[in-house]
Protein chains: 2
Amino acid sequence: MTAGLLPRPAIELLCAGSELLKGQLNTHVPRISLLLAGRGLALSREATLPDDRAGLAREIRSALDRSDALIVSGGLGPTFDDVTREAAADALGLGLRFRPAILGRIKARFKRLGLRMPAENRRQAFVLSGAEVLVNKGGTAPGQLLTLPPGNGSGSRRIRTLVLLPGPFRELAPILEAQVLPRLKKRYAPRSVTERLSLHLAGIPESAADEKLSNLVATAGPGLSFTILSYPGQVDFHAYAIAKTSRQARAVLGRVRRKALAAVGRHVLWEGEAPLEAEVGRALTARRLTLAAAESCTGGMLASRLTDIPGASAFFLGGVTTYADALKKDLLRVRPKTLRRHGAVSRECCREMAEGIRRRTGCSLGLSVTGIAGPAGGTRSKPVGLVYIGVAGPGSKTTVHELRLSGDRGFIRTRATTRALQLLLESAARRPR
Amino acid sequence: MTAGLLPRPAIELLCAGSELLKGQLNTHVPRISLLLAGRGLALSREATLPDDRAGLAREIRSALDRSDALIVSGGLGPTFDDVTREAAADALGLGLRFRPAILGRIKARFKRLGLRMPAENRRQAFVLSGAEVLVNKGGTAPGQLLTLPPGNGSGSRRIRTLVLLPGPFRELAPILEAQVLPRLKKRYAPRSVTERLSLHLAGIPESAADEKLSNLVATAGPGLSFTILSYPGQVDFHAYAIAKTSRQARAVLGRVRRKALAAVGRHVLWEGEAPLEAEVGRALTARRLTLAAAESCTGGMLASRLTDIPGASAFFLGGVTTYADALKKDLLRVRPKTLRRHGAVSRECCREMAEGIRRRTGCSLGLSVTGIAGPAGGTRSKPVGLVYIGVAGPGSKTTVHELRLSGDRGFIRTRATTRALQLLLESAARRPR
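Criteria and thresholds
- Residues numbered from 1 in each chain as written.
- Chains lettered and ligands numbered in written order.
- Predicted model: local features only at pLDDT ≥ 70, side-chain atom pairs only at ≥ 80, totals over all residues.
- Helix = DSSP H or I, 4+ residues; strand = E, 2+ residues; numbered from the N terminus.
- Buried ≥ 20, exposed ≤ 12 C-beta atoms within 10 Å, placed from the backbone.
- Contact = placed C-beta atoms within 7 Å.
- Expected span 1.5 Å × (residues − 1).
- Arc of directions from axis to C-beta.
- pLDDT = per-residue confidence, 0-100.
- Nonpolar A, V, L, I, M, F, W, Y, C, P; charged D, E, K, R; others polar.
- Pairing = 2+ DSSP bridges.
- Domains from an automatic or database assignment.
- Least-squares fit on C-alpha atoms with pLDDT ≥ 70 in both.
- Right-handed = clockwise from strand over helix to strand, strands pointing away.
- Axes fitted to C-alpha atoms, helices over the stretch in contact; angles between N-to-C directions.

Draft legend 1. Just the environment of A:Leu76, in detail. All names here are of chain A. For Leu76, the position within the fold is in the loop between β4 (69-73) and α3 (84-92). A count of 26 C-beta atoms within 10 Å places Leu76 in the buried class. Along the sequence, Leu76 and Arg123 sit 47 residues apart, while their C-alpha atoms lie 8.8 Å from each other. Excluding residues that lie within four positions of it along the chain, Leu76 makes contacts with Asp82, Thr84, Arg85, Gln124, Ala141, Leu164 and Pro166.

Below, the structure is given as structure tokens:
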């Protein structure tokens, strides 16, 4: 849930691409949101439309009637169904101008790759009449930025901005960062600064966090907004303050922080912008702790999330995924008797896995996960969703935690991995060497 | 790129939730697309709006003017910013009716969990006048389905359907599957069947696939549409045929398949709906091959993707992530001399890792990945993006492949993992035992 003002200026995102409505995941929205947030701006709306010229033209027209700026991504390629340029021209009653310099750059690009430019790419050298060309260093399609004065055929009394960007994020992001956002910031929010406070909570359901923070959230208003986001096993509380100076915004957030800690402080696992994996890395590196992991049901997901962070090799020595019991014995020295008596999904096996990987690698911390992710393999006494997490060290202590999760295989694996990372963070924080 | 008709019937999705515009990833669109595709239906458009009553009401109104059906997700919760019910009532000039039976179910749900129902939840018992209640077994907010006859205050001459669903996908999906999609299918596409053909290509850039398939794609028209989707290291070609019977649709796709194989056949790695991981699992299981993996730069991602599939234990025995060189020596018996002379990122080390994990586990196939994912760690002779993939077995042969990738850490890791899975599939297909 979210409280506060609607975003001002209103900046909309329009994603063009039939494939985005046929099963392809669109990660543009969160990634562009975060780039905007970095400048104190926010998205007011997003829409995804098929590659259909008339439909796109209607949407561009109405978005520019509603909002200050519209960012369109995709549909600038060379093929017949890339129609964003034409749709924008239709929407605004403008022509498209051929720019020989762009064609020269596209041809040169192909030449560098040892290829001849196909005839279709000529289309990419057409630009909306009056638009600025945004250089694309990563691909053939340049971006375009068009400034619309107040009025201009619409009822709007504001200066409006239309931005066309290529679809691939690796081409879009650098253009947006370097050539678009500074202009939007200067044009629409020249004198404001946004600061953000982030608290990450574990061990509390979203509705309970919501209730405990409701008095605080009720103070939302101009200049202060809140978001509570829940993920499997985690609730994130974000506060955004807009002010004339960074100092003023931080002072507001300081008061918010004190009230939030009074309400939910004992559930706060960490503060700041770092994701859980990076926070774990920071905590372990700061305390010069090293880690190795032994995974069964999470099957490498824990190691993969830890090594997503650059610099993971500073604390993470490695891990094993022991799906087969033979590997649990061979690589981790889990005792055959333990497997026979208690099975691979047991408190006892989990303890031996954590201690085994720690001893084998000489790390300060050994982490283990064993459980039943499903859909098959559950029994009455050991149902799908039963997971054990073991932490061996620092020092001589080993603790084993039992989880009883529900959901599908992917959810159980993700939830178990998140909980293991949280327990690691708690261990590192609780017992510095 | 995509060719074919715009979706008919037109079914739109509206996601309500300010958090979706502040950095939270929305996975509803692809997942709902696939559920619709299973019934021969498709999304014609998607929009994400903040939790703002007036904005949502305007969007609901215009969506129902444009389309046959509108599915709204989110904003049915109990808190003050859940305003979808009110927005829909505003949009259509309808009242909200209190339904005591719903309140009874909500209270009973809380009671089962040993809790008292907070007063706020009473709001969830209000339903649009004339709407049917869609029972939600997974949460407190019921869904709603409203049928709008032709006209009804708009210029539309069709029967239109408004569906309100709770935001969490685990609540939304069962309601959509069991209570909504059969109705939409019956109402808007009662006599049509959709069949799908999927070819998965590797070793060919999207633009080249596009060019080779352009003659075929030009045959798109009523009843036949195409999509070419590219992922890091993979291009997927999908054809959808709509006909009166499944047999007719399959006959059309049979002709499409022959032409597609003539154009790009040598790049086709597999056919069908299974994702790469599942296809690898199928191929290995069918040939009774077993597998273990030794990972360095992919850090567990390969094992994690393989164990995402239910039943992975039938062929995957386990793996090791050897970030530290000491573990490469200890767990994989990589020779100290190899590491000294050639380094951990080398053809030689990769070979020893693949053979080491195979020998250690007794698997028929040993797979290894070592490389430099960046951002740090690159040198002139071994730049960021240099990756080796080794496949040991079946039989006595070991092959090592060199990749030179560009992009950020996440992209390089993902691309290397995908390529490793593809090489595994080729090995399994090429040399059955």
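Draft legend 2. The arrangement of helix α2 (residues 53-66) of chain B in detail. Residue and element names in this part refer to chain B. Under the 1.5 Å per step criterion, the end-to-end length of α2 is 20 Å for 14 residues, consistent within 8% with the ideal 20 Å. Burial in α2 covers these residues: Leu56, Glu59, Ile60, Ala63 and Leu64. Down the axis of α2, the buried set is contained in an arc of 125°. They therefore lie on one face. Every exposed residue of α2 that faces more than 90 degrees away from the buried side is listed here: Ala54 and Asp65. On its buried face, α2 is in contact with β2 (11-16), β3 (43-49), β4 (69-73), α3 (84-92), β8 (143-148) and β9 (160-165).

Draft legend 3. Structural view of the confidence of the model for chain A. Overall, the prediction assigns chain A a mean pLDDT of 90, with 96% of residues at 70 or greater. Scored by ipTM, the complex comes to 0.78, with pTM at 0.79.

Draft legend 4. Main features of the interface of chain A and chain B. Counting residues at the interface gives 62 residues for chain A, matched by 62 residues for chain B. Mapped onto the side of chain A that touches chain B, the elements with two or more residues apiece are β1 (2-3), α1 (28-37), β3 (43-49), β11 (224-231), α10 (301-307), β15 (316-322), α11 (325-332) and α14 (409-430) of chain A. Partitioned by chemical class, the residues of the side of chain A that touches chain B number 29 nonpolar, 22 polar and eleven charged. For β3(A) and β3(B), the ladder comprises three bridges, and the chain directions are antiparallel. Within β3(B), the position partnered with A:Ala47 by the bridge is B:Ala47.

Draft legend 5. Broad picture of the domain arrangement of chain A. When cut into domains, chain A gives domain 1 (2-188), domain 2 (193-271) and domain 3 (276-430). Computed over C-alpha atoms only, the centres of domain 1 of chain A and domain 3 of chain A are separated by 45 Å.

Draft legend 6. Structural view of the relation of the copies chain A and chain B. After a rotation of 180° and a shift along the axis of 0.1 Å, chain A superposes on chain B with an RMSD of 0.1 Å. Look at the turn and shift together and you get a two-fold axis relating the two. Most of the interface of chain A is mirrored in chain B, where 98% of its interface residues again form contacts.

Draft legend 7. Structural detail: unusual backbone geometry. In this structure, A:Pro375 follows A:Gly374 across a cis peptide bond, with omega equal to 0°. When you line up the elements, A:Pro375 lands in the loop between β16 (365-371) and β17 (386-392). The backbone of B:Arg288 shows a phi angle near 50°, a positive value even though the residue is not glycine. Here B:Arg288 shows up in the loop between α9 (276-286) and β14 (291-295). According to the C-beta neighbour criterion, B:Arg288 is exposed, with 11 such atoms within 10 Å. With a phi close to 60°, B:Arg333 is a non-glycine residue in the positive phi region.

Draft legend 8. The arrangement of α11(A) in detail. Residue and element names in this part refer to chain A. For α11, the complete set of buried residues consists of Leu327, Lys328, Leu331 and Leu332. All buried residues of α11 lie within an arc of 105° about the axis, which places them on one face of the element. Phi turns positive, to about 60°, at Arg333, one or two residues after α11.

Draft legend 9. Expanded view of the pairing of strand β18 (residues 398-404) of chain B. All names here are of chain B. With seven bridges joining them, strand β17 (residues 386-392) and β18 adopt antiparallel strand pairing. For Val391, the partnering residue across the bridge sits in β18 and is Thr399. Taken together, β17 and the strand that follows it, β18, pair antiparallel across an intervening segment of five residues, in which Gly393 is found at a positive phi of about 90°.

Draft legend 10. Just the pairing of β15(A), in detail. In terms of burial, β15(A) is largely enclosed, as seven of its seven residues are buried. Two strands pair when backbone bridges link them, and strand β14 (residues 291-295) of chain A and β15(A) are joined in this way by five bridges, in the parallel orientation. The residue of β15(A) that forms the bridge with A:Glu295 is A:Thr321. For the handedness criterion, the β-α-β arrangement of β14(A), α10(A) and β15(A) is classed as right-handed. In terms of strand pairing, β15(A) meets strand β15 (residues 316-322) of chain B through five bridges, oriented antiparallel. Residue A:Gly318 lies in a different strand from β15(B), and its bridge partner there is B:Thr322.

Draft legend 11. Spotlight on the sheet that holds β17(A). As summarised here, the arrangement of the ten strands in space is β18(A)-β17(A)-β16(A)-β14(A)-β15(A)-β15(B)-β14(B)-β16(B)-β17(B)-β18(B), forming an open sheet in which the pairing is mixed. Strands with a single pairing partner mark the edges of an open sheet, and in this sheet they are β18 (398-404) of chain A together with β18 of chain B. Taking each pair of neighbouring strands and ignoring which way they run, the sheet shows an average axis angle of 10°. Against the sheet, helix α11 (residues 325-332) of chain B makes contact with β15 of chain A together with β14 and β15 of chain B, and its axis sits at roughly 145° relative to β15(B), the strand it touches most.

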